[in-house]
Amino acid sequence: MSELVPASGAASGKGGPRRHDAFGASGSGDTSGFGGLVRNPPVLASTPRPFGDTDADNVYDALERSFPQLTDALERVVVDRGELTLHVRRGHLLSVAQILRDDPSLRFELLSGVSGADYPDDPTGRRLHAVYHLMSMTWRRRVRVEVSLADDDPVVPSVMDVWPTADWHERETYDLFGIVFSGRDGLLRIMMPDDWVGHPQRKDYPLGGVPVDYKGAQVPAPDTRRSYS
Amino acid sequence: MTQASDTSAAFTAPAGSRASAGPPVDDVPAYGDAYEAGFTESAGGRVYTVTGGDWEQVLGGEDYSERLTVNMGPQHPSTHGVLRLVLEIEGETVTRTQVVIGYLHTGIEKSCEFRTWTQAVTFLTRADYLAPLFNETAYCLAVEKLLGVTDEIPERATIIRVLVMELQRIASHLVWLATGAMEIGATTGMIFGFREREKILDLLETITGLRMNHAYVRPGGLAQDLPDGVVPDIRAFLLDMPKRIKEYHALLSGQPIWKGRMVDVNYIDAASCIALGVTGPVLRAAGLEWDLRKTMPYCGYETYEFDVPTSLDADSYARYLVRLEEMGESLKIVEQCLDRLKPGPVMVADKKIAWPAQLSIGTDGMGNSLDHIRKIMGTSMEALIHHFKLVTEGFRVPAGQVYTAVESPRGELAYHVVSDGGTRPYRVHVREPSFVNLQAVPAMTEGGQVADVIVGVASVDPVLGGVDR
Amino acid sequence: MNPANYLILAGLLFTIGAVGVLLRRNAIVVFMCIELMLNAANLTLVTFSRINGTLDGQIIAFFVMVVAAAEVVIGLAIILTIFRTRRSASVDDVNLLKY
Amino acid sequence: MSTQILVQAAGEFTRTSTGEAATFWVLAPVAVLAALGMVLARNAVHGALLLVVNLFCLAVFYLLQDAPFLGFVQIIVYTGAIMVLFLFVLMLVGVDSSDSLVETLRGQRVTAIVLGIGFAGLLVFPIGGVIEGTTAAGLTAANDGGNIQAIARLLFTDYVLAFEIVSALLIIAAVGAMILGHRERVDGKVTQKEMLRRRFAAGGRVTPIPGPAVYARPQAAGVPSVPSELPGGSAGPGETPPYGGGFPDSGVGADPADVEGDNGSGAQDDKNPHPVGAGKGTNR
Amino acid sequence: MSYAPSFAPVLAASAGDPDLSVFGDDPFWLILLKAVAVFAFLLLTTLFAIVFERKVVARMQQRVGPNRHGPKGWLQSLADGVKLMLKEDIIPVLADRPVFILAPIVSAIPAFLAFAVIPFGPEVSIFGEHTTLQLADLPVSVLFVLAASSLGVYGLILSGWASGSTYPLLGSLRSAAQIISYEVAMGLSFVAVFLNSGTLSTSGIVEGQSHWWNVVLVPSFIIYCIAMVGETNRTPFDLPEAEGELVGGFHTEYSSIKFAFFFLAEYINTVTVSAVATTLFLGGWQPPPIPFLSHFDTGWFPVIWFVLKLLLFLFVFIWLRGTLPRLRYDQFMAFGWKVLIPVGLVWLLAVATFKVYRENVTDRTPWLIGFGIATGILLIITIIDPGARRHQERLEAAERERISNAPSLDRIPWPPPATVANRPSPATGPNRPSSATVIVAGGPRQES
């Protein structure tokens, strides 16, 4: 799960615990010797500063300079695999976005995309995450902004005023995840038919099984088949 | 309108009252309000309203003028698949363009979550079906970044990736040229474009085994090495193609009608492009030499010699020229790739990731080599088990999320991949350039003529398989 | 056959046109009825030309055609203008112009 | 048939030939029926087509009466240009502009028909009585040297003044039509480039307006899309959303009666005057 | 021959017109034979033209083209025709049925009509009867051609209107406007021909084209060639059907035999306008003015010349289709009204002047001198071209300004004006070397 950064993790790059992590099923009575390999349980944590990544440190410093209430706005800051993720509280999203776009030492001109992710087991209980990928063309770097939302209050302010391109991205995220972007118009389904029920990309939205023309057999839906995780 | 079907149960006031207003449209408020998203506080809690429009709102509320609503698509010869454009025209002038997508939504992103990391490639390759290798590469780069093996990918694999991607870029631009020319009525342009694309598809078929949807690039490397004898074929193509590009210039570039249809048509400047998130040739034709291969290199692009063609005109003709130039630049890169190719592995050495099979081309296409089968069946039970488990169960990828972008023929193609540490992707999101770029179509077409809409859509070069995913 | 039968035919056509002008209220149809009347007149002109053995009738018929073309162009333009503002091509609505 | 015979034949031109008679008796009823049809046709386009038939018949009559130039000009000018213009305007105006059948003046229709029949009688019977035994001089002499040449000679000698006046009239008519048809634009024609600049300068919505809702149920206009799984609402009475979109049922909108009120009266307009973002003066 | 007395004056020989009495002489069976022959010729030419077009275009596009049905694929159009007949005939619910059915017929019949006045050759002997190879001639036969083409318009307009859907309506609106405006240009080029030959009879025009004066008609010929492509809705002027924009334009909703009628009408129209062009401008059946060939102008030889010239035009039609994209509607109308018609008018004046000069002026010297002086002045103005340099400078300055304001990696544009002041200067921004090339406006970069 994305915000659950491995305590000692693949972020370090080569080798490390990845090898333990990469292969084998647990509890399957596997006799190959590969199963049951150790996997470090993830924890919910911020990456301590300095991040050890120049770009990420620069972005954070600049943000701190021009946005005094930063500690209020941010829940966590994660640097993983060289990518900076700012977990922003919903109420501060617009102001953070404005700073990210306009500050000369940040200048994230381009919103690459808005997408969502659904973590039903999120320890904070806010399973829906709206994920914004920003790119600074001037400084050639990217940053990820993430907002966690609860299932029963899936509202996040729209960033369409800051980056007009967010329009369709937000519509898609609304369509597939049910995240409502407020303060904008035309938040309509874009991928699914407009009378569709439910939001298909949520984890509890199943794929259907397929009936087979052989003695009434039914291929089970993919998510009801065996899985290894 | 009193027919309160079960579906309308959830309407809140604005929607319902508008519905009851019916045809007399005098009091219908400004068009935009119909789409306001909002909420009301009520006894049971907060009620969110997400309303939509209907033909009533599309057509009504307007005072009379000689406007006609033309529903262009989703079945229309010039909409690149199943794009739907709802045009409001006044005479021949377009006053409003609405872009409707979703007719090809196949749920690729969702499907990926139910297959192994490797199998997801075969879904994603079908998203942008004109540039499948870019999808594969971008996704595999993401998975490799998650795995932390980015630096362990063999050089030969990376070079071949670049090679096939650049060939594909030419092929994709050729399809754009062909379809764009066809839509303007230049049938010969169409045949010319598809003629050369066919050659590239032949090359790619030789390399990957398939003309489209290759599933050639895999996490960790490639499905297989270059087959014997393909390098001379590519070299022959490299010799031939520049002449063909000259032919396109001769047939189309200077032609008064061609220029008349494209020059100063569908203008969109760089600032507007960035505001709308538009990348790729459209942005470069607006003057900004933004090309991820140069600006945020991946796959070792920083080591190749090539130029980024730009133009300042920001119209359809500039996009046409930029794409033609890009084909030439891609040829240069392909040539450098061929020069750099050295024998070596094409898959990461880590046997926990690398596909266990030693693939060879058998009589039935791609398959396991007999030696390998003999070895694992006869001598090593563990190898057989390993093979079995890796293929059926797949490898695990450490938890985390990454975002990798490549420069596809249409712009920034990026993958946001989340892993929960399991053998399946937890979430795969495709940042599709066609999807984003299509948002610019209204800005590019409103105020132009009906025929310009066709040119405009063609100049964006959307691939609906990628738009809808 | 007596060439003067043409005259009777022309008279009939003229009457039909005139009745049409009285009956119909679609301005464009009224206009077409007027065209019919003009053509009936033309037929008499051509017939008289033949009966009298001179070409003057044909010449005048020619002029009538030219004038008819001019009249149609202007008339249709007026109808279109009214249609734009009134959303109707009925002659009943044209009287609103005076207000 | 040689010229000699023709000259002889010219002497017999007091009466018309059987061929002409046959043509006349075939086409004259057609012309009358087409004219009647034009007046009676409910659909204006059908009326225009019938008028074309009528004009075509007249063109043939011109040909029969030694006026080949006029005959073809009739086809070219009337059917080829004038009637095309009529059809063009009919298409622009739209099909639904056909007549209403309501009489606005009482008795107008009957009066018109009676007057029409009377007028026809006045025209036809006296003419029929007077012309009995009329003979035609024929145009053989006048057309000597060719019909076109003869007409041209007359046009540019005796009628040259009228010709010039008529040509001036044509030009005036063309200019007049242009002025009438031209719509005054305050700021000239807005090009695509200009519209793009305004679009981004205004700070309004620059991205596409959502498309119309194709699946909205019922099909009638005015029913918004995204009907059944609005956040906060259930899928409808007695139905729960099957999958993930389930928000806790707010209770509002789940009651059918409530909905009926919503749709029927529109009285709840005031209930929700301020959706989120309205205060911000957002995109539109 | 019951019409003979009434038409006799029409057909009478006259000073200005050629002797048309020969047409009055034909026995009934010969007229019938000629009518059937013309009909058969048109049908066969259509069948041929379709395969010819597909084969020639295929050659131009380096592919094979139809090669399955009949010897080398030459029966392809027959197969197409049979296929079309067997297709389901669909009439849309919203269509106006009678008009919808009438329209294809209306568009096909006038296409055949015009060919009645086209001369295939001079006098020949058929079964002992002397007759010209022409179904009929009138003193006004060119007007007859125009009349037939103006009737053909109805097919397109009505089909679009009657289909009851948007694209056909747009298509028929376009075709109405298109045909009306291009008929004007066409008529102007015809008038030049009338002026030059002094007659409206097709056979007379052909007869009169044996001398070199015809060169004055070259501009009119070019205007006619352009207008005829517009008249027949062929590429690059195929806006009423424009499958890129209007799907199929006026015939979108048509299928089966009705569609076949439109197809037939289009090709017959193509043949007809080619025949008219041959007749009015290229000397019809007369042999080309090459010394050796010009003797073959009697008997049946002229038919060969006629057909060869016709094929030449057909080939040009196909060539255009293989080369050119479609114009946009406004460009097309602007071209018609702003270029073709003014040029046609001016040239009409020139032809009239030339005619008067040729017939009435005896002392030519002062005329020639005046003409020379006028040409010289025009030439000098063209060469000196005052104001060109200033214009060029202004253009260059604008171009320089544009390039200096162009966005680049050091100046990434961003819309909000409030942030303009905050933009990082190139010095503080990451100053990576860029290897961009700029395509100069208006043309491809010659080398990269």
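All figures in this text were calculated on a predicted structure; none of them were measured in a lab.

The rules behind each value
In this convention, every chain numbers its residues from 1, walking through the sequence in written order. The naming scheme follows written order: chains are lettered A onward, ligands numbered 1 onward. Two thresholds apply to this predicted model, a pLDDT of at least 70 for residue-level local features and 80 or more for giving and counting side-chain atom pairs, whereas whole-chain, interface and lining totals are computed over all residues. Each side-chain value is derived from all of the structure's non-hydrogen atoms; neither hydrogens nor water enter the calculation. Starting at the N terminus, helices and strands are each numbered in turn, a helix being any DSSP run of H or I of at least four residues and a strand any DSSP run of E of at least two. Burial classes: relative accessible area under 20% of the type maximum marks a residue as buried, over 50% as exposed, and values in between as partly exposed (1.4 Å probe, protein chains only). Whether two residues touch is decided by their heavy atoms; if any such pair falls within 4.5 Å, the residues are in contact. We get accessible surface area from the Shrake-Rupley algorithm with a probe of 1.4 Å; when it comes to residues, only the shown protein chains can shield them. Strand pairing is assigned whenever DSSP identifies at least 2 bridges connecting the two strands. All axes here are fitted lines through C-alpha atoms, helices being fitted over the stretch that makes contact, and every angle between N-to-C directions spans 0 to 180 degrees. What we call a nonpolar core is a set of buried Ala, Val, Leu, Ile, Met, Phe, Trp, Tyr and Cys residues that are connected through their side-chain atoms within 4.5 Å. Here the limits of each domain have been adopted from an automatic or database domain assignment. Defined here as a combined quantity, buried area equals the accessible surface (1.4 Å probe) lost by two parts on assembly, summed across both. Between Lys or Arg on one side and Asp or Glu on the other, a salt bridge is scored when a side-chain nitrogen of the former is within 4 Å of a carboxyl oxygen of the latter. Each polar contact in these results corresponds to two N or O atoms within 3.5 Å; when the atoms are within protein, one needs to be able to donate a hydrogen and the other to accept it, and residues that are neighboring in sequence are counted only if both atoms are side-chain atoms. Amino acids are sorted into nonpolar (Ala, Val, Leu, Ile, Met, Phe, Trp, Tyr, Cys and Pro), charged (Asp, Glu, Lys and Arg) and polar (every other residue, Gly among them). We call Phe, Tyr and Trp rings a pair once their centres come within 6.5 Å, taking the six-membered ring for Trp, and we label the pair stacked below 30 degrees between planes, edge-to-face above 60, and tilted otherwise. The rule for a charge over a ring is simple: NZ of Lys or CZ of Arg within 6 Å of the ring centre, and within 35 degrees of the ring normal. UniProt positions are given in the numbering used here, feature names are shortened, and annotations may be inferred rather than shown by experiment. Convention used here: angles under 35 degrees read as roughly parallel, angles over 145 as roughly antiparallel, angles from 65 to 115 as roughly perpendicular, and any remaining angle as oblique. Handedness of a crossing is defined here by the sense of rotation of the near helix relative to the far one, left-handed for an anticlockwise turn of less than a right angle and right-handed for a clockwise turn. Without a salt bridge and with relative accessible area above 30%, a residue can belong to a patch; like charges are then joined within 9 Å and nonpolar side chains (Val, Leu, Ile, Met, Phe, Trp, Tyr) within 5 Å. Multiplying one less than the number of residues by 1.5 Å gives the expected span of a helix. In predicted models, pLDDT denotes the confidence assigned by the predictor to each residue on a 0 to 100 scale.

Of regular secondary structure, chain D possesses nine helices and zero strands. Along chain D, helices (α) and strands (β) appear in the sequence α-α-α-α-α-α-α-α-α when read from the amino end. For chain D, buried positions account for 46% of its 284 residues. If you take every contact in chain D between residues at least 6 apart in sequence, the share linking residues at least 24 apart comes to 45%. Counting only carbon and sulfur atoms, one obtains 66% of the accessible surface of chain D, whose full area is about 13900 Å².

All names here are of chain B. Strand order in the open sheet made by the three strands is β11-β12-β13, with antiparallel pairing throughout. In the strand order of this sheet, the two ends are held by β11 (400-408) and β13 (427-431), each with one partner. Adjacent strand axes in the sheet meet at a mean angle of 15 degrees when their direction is disregarded. Alignment of β11 against strand β12 (residues 411-419), held across nine bridges, turns out to be antiparallel. In the sheet register, A405 faces β12, and the bridge partner there is A414.

F61, M83 and F86 of chain D together with L143, F190 and Y224 of chain E are the most contacted members of the largest nonpolar core, which has 171 residues in total. Take this core: its biggest share by element is 16 residues, from helix α4 (residues 68-93) of chain D. Counting contributing residues per domain, this core is built from domain 1 (1-95 + 110-140) and domain 2 (145-182) of chain D, each supplying no fewer than three. Ignoring sequence-local partners within four residues, the contact set of F190 of chain E consists of V142, L146, Y224, V276 and L280 of chain E. One finds V162, Y216, A286 and Y317 of chain B within the second-largest nonpolar core, a separate group that totals 150 residues.

This part takes up the interface of chain C and chain D. Listed by partner, the interface residues are 66 residues for chain C and 91 residues for chain D. For the pair chain C and chain D, the summed buried area comes to about 7000 Å², and 74% of that belongs to carbon and sulfur atoms. Counting across the interface, chain C meets chain D through zero salt bridges. Where chain C meets chain D, there are six residue pairs in polar contact (both at pLDDT 80 or more). Sorting the residues of the side of chain C that touches chain D by element identifies α1 (5-23), α2 (27-52) and α3 (56-86) of chain C as the ones contributing at least two each. Here the side of chain C that touches chain D takes 22 residues from α3 of chain C, the largest share from any one element. Considering only residue class, the side of chain C that touches chain D consists of 44 nonpolar, 15 polar and seven charged.

On to the side chain of R84 of chain B. Checked against the element boundaries, R84 of chain B lands in strand β4 (residues 84-90). A distance of 2.8 Å separates the side chain of R84 of chain B from the side chain of Y103 of chain B, its partner in a polar contact.

Once that is clear, we can look at the packing of aromatic side chains. Per the counting criterion, the structure on display carries 41 aromatic pairs over all chains. With a centroid separation of 6.1 Å and 50 degrees between ring planes, the pair formed by F62 of chain C and F63 of chain C is classed as tilted. No difference in accessibility class separates F62 of chain C from F63 of chain C, as the two residues are buried. Each ring, one from F24 of chain D and one from F61 of chain D, has its centre 5.5 Å from the other, and the planes form 40 degrees; the classification is tilted. In this pair, F24 of chain D sits in helix α2 (residues 18-40) while F61 of chain D sits in helix α3 (residues 44-64), placing the two residues 37 residues apart along the sequence. Of the aromatic side chains, those joined through ring pairs into one cluster are F190, F194, F221, Y224, F281 and F313 of chain E. In this arrangement the basic side chain of R195 of chain B is found over the ring face of F192 of chain B, its NZ or CZ atom lying 4.2 Å from the centre. Above the ring of W74 of chain E, the side-chain terminus of K55 of chain E is found at 5.5 Å from the ring centroid.

UniProt records the feature "transmembrane region" (unreviewed entry) for residues 22-41, 48-65, 71-93, 113-139 and 159-180 of chain D in the present numbering. Spanning residues 22-41 of chain D, this segment combines 95% helix with 0% strand, and its end C-alpha atoms are found 28 Å apart.

This part takes up unusual backbone geometry. Unusually for a residue other than glycine, A215 of chain B sits at a positive phi of about 50 degrees. By the element assignment, A215 of chain B lies in the loop between α7 (187-208) and β6 (217-218). Residue classification places A215 of chain B among the buried positions, given a relative accessible area of 9%. Phi at S256 of chain E is positive, roughly 55 degrees, even though this residue is not glycine. Checked against the element boundaries, S256 of chain E lands in helix α11 (residues 256-281). S256 of chain E gets classed as buried once you look at its relative accessible area, which sits at 4%.

Within a sheet, adjacent strands bond to each other through the backbone by hydrogen bonds, running parallel or antiparallel. Residues and elements named next belong to chain A. In space, the five strands of this open sheet follow the order β3-β4-β7-β6-β5, with mixed pairing throughout. In this open sheet, the two edge strands, each paired with only one partner strand, are β3 (74-80) and β5 (110-118). Pairwise comparison of adjacent strand axes, ignoring direction, gives a mean angle of 20 degrees for this sheet. In terms of strand pairing, β3 meets strand β4 (residues 83-88) through six bridges, oriented antiparallel. Residue pairing across strands places R76 opposite H87, the latter belonging to β4. Across the face of the sheet, helix α5 (residues 166-177) comes into contact with β5 and β6 (128-136) while running at roughly 5 degrees to β5.

What follows covers the packing of helix α6 (residues 141-163) of chain E against α11 of chain E. All names here are of chain E. α11 packs onto α6 with a crossing angle of 155 degrees between their chain directions and a minimal axis gap of 12 Å. Viewed along their axes, α6 and α11 adopt a mutual orientation that is roughly antiparallel. By crossing handedness, the relation of α6 to α11 is classed as left-handed. Seen from α6, the contacting residues are V142, V145, G155, L156 and S159; seen from α11, they are F262, V276 and L280. Taken together, the residues that form the contact of α6 with α11 break down as six nonpolar, two polar and no charged.

A cluster of nonpolar side chains, namely F156, V160, L161 and I165 of chain D, defines an oily patch on the protein surface of about 410 Å² accessible area. Under the relative-accessibility criterion, F156 of chain D is labelled exposed at 51%.

Okay, the packing of helix α6 (residues 155-184) of chain B against helix α13 (residues 316-340) of chain B next. Angle between the axes and distance between the axes are the two parameters that describe a pair of packed helices. All names here are of chain B. Two numbers describe how α6 lies on α13: the axes approach to 9 Å, and their chain directions differ by 155 degrees. Taken as axis vectors, α6 and α13 run roughly antiparallel relative to one another. Here the hand of the crossing between α6 and α13 comes out left-handed. Residues I159, V162, L163, E166, L167, R169, I170, H173, L174, W176 and L177 of α6 touch α13, and the partners they reach there are R319, Y320, R323, E326, M327, S330, L331, I333, V334, C337, L338 and R340. Residues belonging to the contact of α6 with α13 are distributed by class as follows: 15 nonpolar, two polar and six charged.

What follows is about α1 of chain C. Across its 19 residues, α1 of chain C extends 27 Å between first and last C-alpha, which sits within 8% of the 27 Å expected from 1.5 Å per residue. Of all 19 residues in α1 of chain C, 14 are buried; the element is thus mostly enclosed.

So, on to the confidence of the model for chain E. Residues and elements named next belong to chain E. Looking at chain E as a whole, its pLDDT mean stands at 77, while 83% of the residues score no less than 70. Mean pLDDT in chain E bottoms out at strand β3 (residues 436-439), which sits at 38, and peaks at helix α4 (residues 76-86), which reaches 88. Taken together, the stretch residues 1-16 has pLDDT below 50 and engages in 33 contacts with residues farther than four places along the chain or on a different chain. In this model residues 417-448 is a low-confidence stretch, pLDDT under 50, and it forms 59 contacts with partners more than four residues away in sequence or in other chains.

A word on the side chain of H76 of chain B. Following the sequence through the fold, H76 of chain B ends up in the loop between β3 (67-72) and β4. At 3.0 Å, the side chain of H76 of chain B forms a polar contact with the backbone nitrogen of S78 of chain B. Residues in contact with H76 of chain B, not counting those within four places in the same chain, are G81 and I454 of chain B together with Y167, E243, G244, E245 and V247 of chain E.

Residue and element names in this part refer to chain A. Across the 10 residues that make up helix α4 (residues 93-102), a large majority, seven, are buried. Burial in α4 covers these residues: L93, V96, A97, I99, L100, R101 and D102. On its buried side, α4 packs onto α2 (54-66), α3 (70-73), β4, β6, β7 (141-149) and β8 (155-157).

Once that is clear, we can look at the pairing of β6 of chain A. Residue and element names in this part refer to chain A. Among the nine residues that make up β6, nine are buried, leaving the element largely enclosed by the rest of the structure. The alternating pattern of β6 places L128, A130, Y132, L134 and S136 and H129, V131, H133 and M135 on opposite faces, both of which are buried. Pairing between β5 and β6: eight bridges, direction antiparallel. By the bridge assignment, G116 is partnered in β6 with A130.

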